[in-house]
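# Structural characterization, general
Listed here are the chains, written in short residue letters.
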Amino acid sequence: MLCHLARSLGQRELSGHVYDVNCCKFLPSGMVVISGGMDAQVKVWSCEDGSCPVTFKGHKGGILDLAAVDRGRNVVSCSRDGTARLWDCGKSACLAVVADCGSPINGCCVGVAENSINLGAPEEPTSDREIGTQDKLLLLAREDKKLQGIGLQSRQPIFAFDGSDAFNCCTFLSSVYVLAGTQDGNIYKLDVRCLRTPVQIIHRSGAPVHSLLPFREGFVVSQGDGGCFILQQDMDHIIELTGPDVDPVYKAAAWEKSIFTCSRDGLVRKYQLSDL
């Protein structure tokens, strides 16, 4: 369902997935939405008229997360089938299977890596339809307790970090610092240049960490016990986002000074924040 927040234009249903929809994201233009479902399909939607001009097929399991590359001409999907795929939105084609892990990939994120990080070199020439992948690091949050980093253009594994439980989500804080959340409630802050020891492990409850969202000078965490909070990077200031009680908060999103959350209780909540 698509809602316009600035104008009171009501809601628009984006119908087309056969089973549950697990994830959705706006592409950078703000006029296109991508979604992934348990029907193993990735769909591209127009916000203007609600049409679905493009459907990506190729995964053999449900889509669990999506990430845009650069301006969104390419997108990455990850799936219960253990693969991450790179897609060309313009040609409706799969450009590459970037990773085949043999374990479900619960979350993915694409970010620019610092120049000092060696992302490897492609073994084969890349397609001219591949746009903006050359300096990108792909993070994969895996069910087998591994957080993996892959050179998006090279397809080469860069690192694999072992966690305490299945990784559910991951995100970039900067070109060197990343966050990843696990099923047993741990949040790992890592420096991808040196993974021997985490920079920090944050643990507020044993509930699964469902989403991590960079926000201003910190990040938003949502968990399976209804907890949702903003943690400043100095770690000494926490803002609790209340409301869901014990229902899991699956995802958080931000726009300007507002944070939106979705929960199992069927509500989307909007939190208006002053300057932090």
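For the structure given in this document, a descriptive report is provided here. (Residues numbered from 1 in each chain as written. Predicted model: local features only at pLDDT ≥ 70, side-chain atom pairs only at ≥ 80, totals over all residues. Heavy atoms only, no water.)

### Concerning the side chain of Lys43
Defined as follows: Under the scheme used here, helices are H or I runs from DSSP no shorter than 4 residues and strands are E runs no shorter than 2 residues, and both carry numbers assigned from the N terminus. Using a 1.4 Å probe on the protein chains alone, a residue whose accessible area is under 20% of its type maximum counts as buried, one over 50% counts as exposed, and one in between counts as partly exposed. Here Asp and Glu are counted as negative and Lys and Arg as positive; His is not counted, and neither are the chain ends. For this analysis, a salt bridge means a side-chain nitrogen from Lys or Arg found within 4 Å of a carboxyl oxygen belonging to Asp or Glu. Two N or O atoms count as a polar contact when they lie within 3.5 Å, although within protein this holds only if one can serve as hydrogen donor and the other as acceptor, and sequence-adjacent residues are included solely when both atoms are side-chain atoms. Residue contacts follow a heavy-atom distance rule, with two residues in contact if any of their heavy atoms lie within 4.5 Å.
Mapped onto the elements, Lys43 comes out in strand β5 (residues 41-46). Lacking a salt bridge, the buried Lys43 has Asp39 as its closest oppositely charged neighbour, with an N-O distance of 6.0 Å. Among the polar contacts made by the side chain of Lys43, one reaches the side chain of Thr55 at a distance of 3.0 Å. Once residues within four sequence positions are removed from consideration, Lys43 is found in contact with Gly16, His17, Val33, Ile34, Ser35, Cys52, Val54 and Thr55.

### Points about the packing of aromatic side chains
Which entries qualify depends on this criterion: Stacked, tilted and edge-to-face are the three classes assigned to paired rings of Phe, Tyr and Trp, where Trp is represented by its six-membered ring and a pair needs centres within 6.5 Å; plane angles under 30 degrees give stacked, over 60 edge-to-face, the rest tilted.
Here the structure, examined in full by the defined rule, presents three aromatic pairs. An angle of 10° between the planes, with centres 4.8 Å apart, marks the rings of Phe56 and Trp87 as stacked. Here Trp87 lies in strand β9 (residues 83-88) and Phe56 lies in strand β6 (residues 54-57), a separation of 31 residues in the sequence. Exposure class is identical for Phe56 and Trp87. Each is buried. Ring centres 5.4 Å apart and planes at 70° place the aromatic pair Phe161 and Tyr188 in the edge-to-face group. Here Phe161, found in strand β14 (residues 157-162), pairs with Tyr188, found in strand β17 (residues 186-191); they are 27 residues apart in sequence, far enough to count as distant. As far as burial versus exposure is concerned, Phe161 and Tyr188 are alike and both buried.

### A short note on the pattern of salt bridges
Tallying each qualifying case throughout the model produces eleven salt bridges. Its salt-bridge partner being Glu114, residue Arg193 comes within 3.8 Å of it at the nearest N-O pair. Here Arg193, found in the loop between β17 and β18 (200-203), pairs with Glu114, found in the loop between β11 (105-112) and β12 (136-142); they are 79 residues apart in sequence, far enough to count as distant. Classification of Arg193 as partly exposed rests on a relative accessible area of 45%. Residue Arg269 is joined to Asp265 by a salt bridge in which the shortest nitrogen-to-oxygen separation is 2.8 Å. Take Asp265: its relative accessible area is 29%, and that puts it in the partly exposed class. Through salt bridges with shared partners, a single network forms among Asp70, Asp135 and Lys136.

### Quick word on the pairing of strand β8 (residues 74-79)
Note on strand geometry: in a regular strand, side chains alternate between the two faces of the sheet. Stated precisely, the cut-off is as follows: When DSSP finds two or more bridges between two strands, those strands count as paired.
In terms of residue burial, β8 counts as a mostly covered element, since six of its six residues are buried. Across the two faces of β8 the burial is the same, with Asn74, Val76 and Cys78 and Val75, Ser77 and Ser79 all buried. Inspection of the sheet shows strand β7 (residues 63-69) paired to β8 by six bridges, in the antiparallel sense. Residue pairing for β8: Ala68 is matched across the bridge by Val75. Taking the residues that link successive antiparallel strands as the turn, the β7-β8 hairpin has four residues, and the phi of Asp70 there is positive, at about 55°. The loop that links β8 with its antiparallel partner β9 comprises three residues; one of these, Gly82, has a positive phi angle of about 85°.

These figures come from the coordinates and say nothing about function on their own.
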